[in-house]
Amino acid sequence: MNRNRAPDRSDDDLRRELLAASPAPPIHEVDWKRLRERVMRAAHARRPTRHDVAWFEVIAGWSARGVPIAATAVAAAVLTLVALPASSRAIGDAASAEEHVTIEDELIAATPAAAHPLLYAGAEPDALLEAALLYDGAEP
Amino acid sequence: MVGSPRPGDRRPLSDSPRATTADPPLDEAYDARLVERVRNGEVEAYGELVGRHMRRAFAIAFRILEHREDAEDVVQDAFIRALERIDTLARGRAFHPWLYRIVVNRALNVRRSRSICRTERIPPGTPATVVSPDRSAERAELRRRLKAALDGLPDRQRTIVQLTELEGFSAAEAAEILGISSATARWHLHQARRTLRKALETLKEEE
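Definitions and limits used
- Residues numbered from 1 in each chain as written.
- Chains lettered and ligands numbered in written order.
- Predicted model: local features only at pLDDT ≥ 70, side-chain atom pairs only at ≥ 80, totals over all residues.
- Helix = DSSP H or I, 4+ residues; strand = E, 2+ residues; numbered from the N terminus.
- Buried ≥ 20, exposed ≤ 12 C-beta atoms within 10 Å, placed from the backbone.
- Contact = placed C-beta atoms within 7 Å.
- Axes fitted to C-alpha atoms, helices over the stretch in contact; angles between N-to-C directions.
- Left-handed = near helix turned anticlockwise from the far one by under 90°.
- Nonpolar A, V, L, I, M, F, W, Y, C, P; charged D, E, K, R; others polar.
- Parallel < 35°, antiparallel > 145°, perpendicular 65-115°, else oblique.

A. Broad picture of the overall build of chain A. Along its length, chain A carries six helices and zero strands. Here chain A holds 140 residues, and 9% of them are scored as buried.

B. Region of interest: the environment of V103 of chain B. Residues and elements named next belong to chain B. Inspection of the secondary structure assignment puts V103 in helix α4 (residues 95–113). Its 27 C-beta neighbours within 10 Å are what place V103 among the buried residues. It is 7.4 Å that separates the C-alpha atoms of V103 and I60, two residues lying 43 residues apart in sequence. V103 has contacts with A57, I60, A61, V74, V75 and A78, leaving out every residue within four places of it along the chain.

C. Up close: the packing of helix α2 (residues 32–46) of chain A against helix α2 (residues 43–65) of chain B. Following both chains from N to C, one finds α2 of chain A and α2 of chain B inclined at 145°, their axes separated by 10 Å at the closest point. Once α2 of chain A is placed against α2 of chain B, the crossing between them reads as right-handed. Contact with α2 of chain A, carried on its side by W32, L35, R36, V39, M40, A43 and H44 of chain A, involves V43, Y46, G47, V50, G51 and M54 of chain B of α2 of chain B and no other residues of that element. The class makeup of the residues in the contact of α2 of chain A with α2 of chain B is nine nonpolar, three polar and one charged.

D. Quick peek at the environment of A94 of chain B. All names here are of chain B. If you trace the backbone, A94 turns up in the loop between α3 (68–84) and α4. For A94, a count of 19 C-beta atoms within 10 Å puts it in the partly exposed group. The sequence separation of A94 and D31 amounts to 63 residues, and the corresponding C-alpha distance is 7.6 Å.

E. Summary view of the packing of α3 of chain B against α4 of chain B. Residues and elements named next belong to chain B. The geometry of α3 relative to α4 is characterised by a closest axis approach of 9 Å and an angle of 130° between their N-to-C directions. Taken together, the axes of α3 and α4 lie oblique to each other. By crossing handedness, the relation of α3 to α4 is classed as right-handed. Only L99, I102, V103, R106, A107 and V110 of α4 make contact with α3, whose side of the interface consists of D70, V74, V75, D77, A78, R81 and A82. Per-class residue counts for the contact of α3 with α4 are nine nonpolar, no polar and four charged.

This is how it looks when you write it as structure tokens:
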């Protein structure tokens, strides 16, 4: 192949015959305005306008911040919901236990072991209290 | 970008006296500014690009499909596809060869999908099926058979012939539109011309 061959007469002849043999594009039959409108309608449907981009960017900006915050909040809520019954039970148990504490229990807890026999001796409450308060560690 | 012209290359379409369209002259710098505006979200700027290139795009699609409505559909699809992918068009690269490549690819897809029955090859030496005493009828038969020979070329060769011989693009421009090297385009063009010239000579001998 001679790449630098100039177009010869047979090329022109061939071109002329090809042009005659091929139907020319019917450019005068096309409604260009309508075709352009078709293209632009489809274009508007697929590509956001500048206004839309600004709106979208605002949403995107909020999403960028909002998604982690929302995720954290949801995680915290889930943890709270899971932990709440357990802690409620613990608090309830403690409260019910506190409800049954008597003065004797308190005294037993506060009184040295040496005074315990006195507590269990069926003494009168006032005497018991006095003995507990005045006890100095000496054997009665 | 379109390479420097070589002997055998024809003038670009914008200068071609055989240009079949009435599109405005090609102005790559102006197109580049429009593309930039489209990238910034101005769909209206795309309307201007459409207006500047739809006639040539239609002519290319029609050469491949030879059907007006199909060609219009291809033009619409190609412009939408180009808009969707406009961010992938490298900066500094001309818009119109890129668009025309999309047009050619989509038109070839449509052509293949509808299985046009125009791929008969003319065996050398096959006598004309109709021998008319009327000269114009003979010419019409010759052209019909030349057209059949053109349609019988491989896709790439046929498209290069359509772009260069019929639409007035240079071989370098056709190469850019098809995404092949200029040398490859010239080789295909040479092969196609040789085949068609042989068919033409055979047909003329039969006359």
